[in-house]
Amino acid sequence: MRFGLFVSPQHFAVDSPVAKVAEHVEQVRLAHALGFDSVFLGQHFLAEPYSYLQPLPMLARLAAEGPGMVFGTAVLLLPLYHPVGLAEYIATLDAICDGKFILGVGLGYRDEEFRAFGVDRRTRASRLEEALVLLKKLWTEDTVSFHGRHFHIDNVSTKTRPVQKPGPPIWLGAHTDAAVKRAARVGDAWLLTPTDELALMERQLTLYRETRLEAGKDADSGIPMMVETYVAPDAASARSDVEPYLRNKYGAYARWKSTGTRGDESTGMERLFTERFIIGDPERCVVMLKSLHTRLGVDHVLFRVEWPGMERDKVLRTIHLIGREVMPALRAASPDQGRTMPS
């Protein structure tokens, strides 16, 4: 198994952005010292009631603190970008990361974001697929002409190419069956959600692997997963310690109409706390993560350990306990390890 720190640059609007950048630098330094394999950031725009430090410039800053680590997005809202600009941004980041960058992308779901960018939300799937085709062309072909439904370019040539050939690995976030099949067809891995039911993901993993085989790809592509994680020395107090922050965060998701909070909010949150969030002492967290590896084949865990308003010391303590107690136990059970990604 591989282990990543999912840095969460989402904070209350009154928080100092300068202070928060410094805290994220501190988190990555600690993760690097403890042997974490990777660092990932997500993305939203207009993230009321929060501010959101954007992942591409943040990753460029954080990469300086983690030599040898893999850095990536999980996920970038690809339908909101023009592929020509993004191709050069990602190629630059791949160079900054010494050829150890992973591009995780997703459709996005918030009407506010699509309206602000002047993008019809109904076109997001076709825009994503078209953008991926164009990104790969720009990274590999000397001169690119492309006329699709959404993007049109003639005789474009960029020499700003990724270090990785033909380009960085591409992960796709997905919830629905159609999105899972898309991840199998056009991506290098499907990034699993921290909220969907395990039985649903088990079924969809079968669909994912079948679709990859039909597309002539290896069925075993690796299974990364982001998990909400809080580790404390005392299991009895762990949930009460972290619950206010998670409830506040997922309340915002519900207001944003996230697919991860369908149905009755109180019932849904209780299921997440008992079945999906990794909360407890190191021993309990190891048991839960072993179960994810056994049931779903998860082999790259991205630990999100911070939510808006959470105290710095609690965040650093969780990172420390994961690095000192959780990761060694899991690596002992699954000895394939090391900062050898991406592949």
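Structure first, text after, so check above.
Residues numbered from 1 in each chain as written. Predicted model: local features only at pLDDT ≥ 70, side-chain atom pairs only at ≥ 80, totals over all residues. Heavy atoms only, no water.

By the element assignment, Q27 lies in helix α1 (residues 17–34). Setting aside its immediate chain neighbours within four residues, Q27 contacts L5, V7, E306, V315, L316 and I319. (Helix = DSSP H or I, 4+ residues; strand = E, 2+ residues; numbered from the N terminus. Contact = heavy atoms within 4.5 Å.)

With that settled, consider helix α11 (residues 312–333). In this model, α11 (22 residues) spans 31 Å end to end at C-alpha, consistent with the 32 Å of a helix rising 1.5 Å per residue. Along its length, α11 shows its largest kink, about 40°, at I322. Within α11, burial applies to K314, V315, L316, T318, I319, L321, I322, G323, V326, M327, L330 and R331. Looking at the buried side of α11, the elements it contacts are β1 (2–7), α1, β11 (224–231), α8 (235–255), α10 (282–296) and β13 (300–304). (Expected span 1.5 Å × (residues − 1). Bend = angle between axes of the 7 residues up to and from the residue. Buried < 20%, exposed > 50% of the residue type's maximum accessible area, 1.4 Å probe, protein only.)

Another aspect to go through is the packing of aromatic side chains. The geometry of two aromatic rings is summed up by the distance between their centres and the angle between their planes. Inspection of every chain in the model, using the stated rule, returns 9 aromatic pairs. Taking 5.3 Å as the distance between ring centres and 55° as the angle between the ring planes, the aromatic pair formed by Y250 and F277 counts as tilted. In this pair, Y250 is assigned in helix α8 and F277 in the loop between α9 (265–276) and β12 (278–280), connecting sequence segments 27 residues apart. Note on accessibility: Y250 and F277 belong to one class, buried. Plain terms: the ring middles of F273 and F277 are 5.2 Å apart, the flat faces sit at 85° to each other, and that makes the pair edge-to-face. (Phe/Tyr/Trp six-rings, centres within 6.5 Å; stacked < 30°, edge-to-face > 60°.)

Bringing the environment of P67 into the picture now. For P67, the position within the fold is in the loop between α2 (55–62) and β5 (70–77). Classification of P67 as exposed rests on a relative accessible area of 54%. For the pair P67 and Y208, spaced 141 residues apart in sequence, the C-alpha separation works out to 33 Å.

What follows covers the environment of Q164. Residue placement: Q164 occurs in the loop between β8 (152–156) and β9 (170–173). With a relative accessible area of 13%, Q164 lands in the buried category. The spacing of Q164 and D98 is 66 residues in sequence and 8.9 Å in space, taken between C-alpha atoms. Only 3.5 Å separates the side chain of Q164 from the backbone oxygen of G99, close enough to count as a polar contact. Engagement of the side chain of Q164 in a polar contact is seen with the backbone oxygen of F101, the distance being 2.9 Å. (Polar contact = N/O pair within 3.5 Å; in protein donor to acceptor, adjacent residues only side chain to side chain.)

We now examine unusual backbone geometry. Cis geometry marks the peptide bond from E48 to P49; its omega dihedral reads 10°. Along the chain, K165 connects to P166 via a cis peptide bond; the corresponding omega equals 5°. Tracing the sequence through the fold places P166 in the loop between β8 and β9. Residue N155 is not a glycine yet carries a positive backbone phi of 50°. Within the fold, N155 resides in strand β8.

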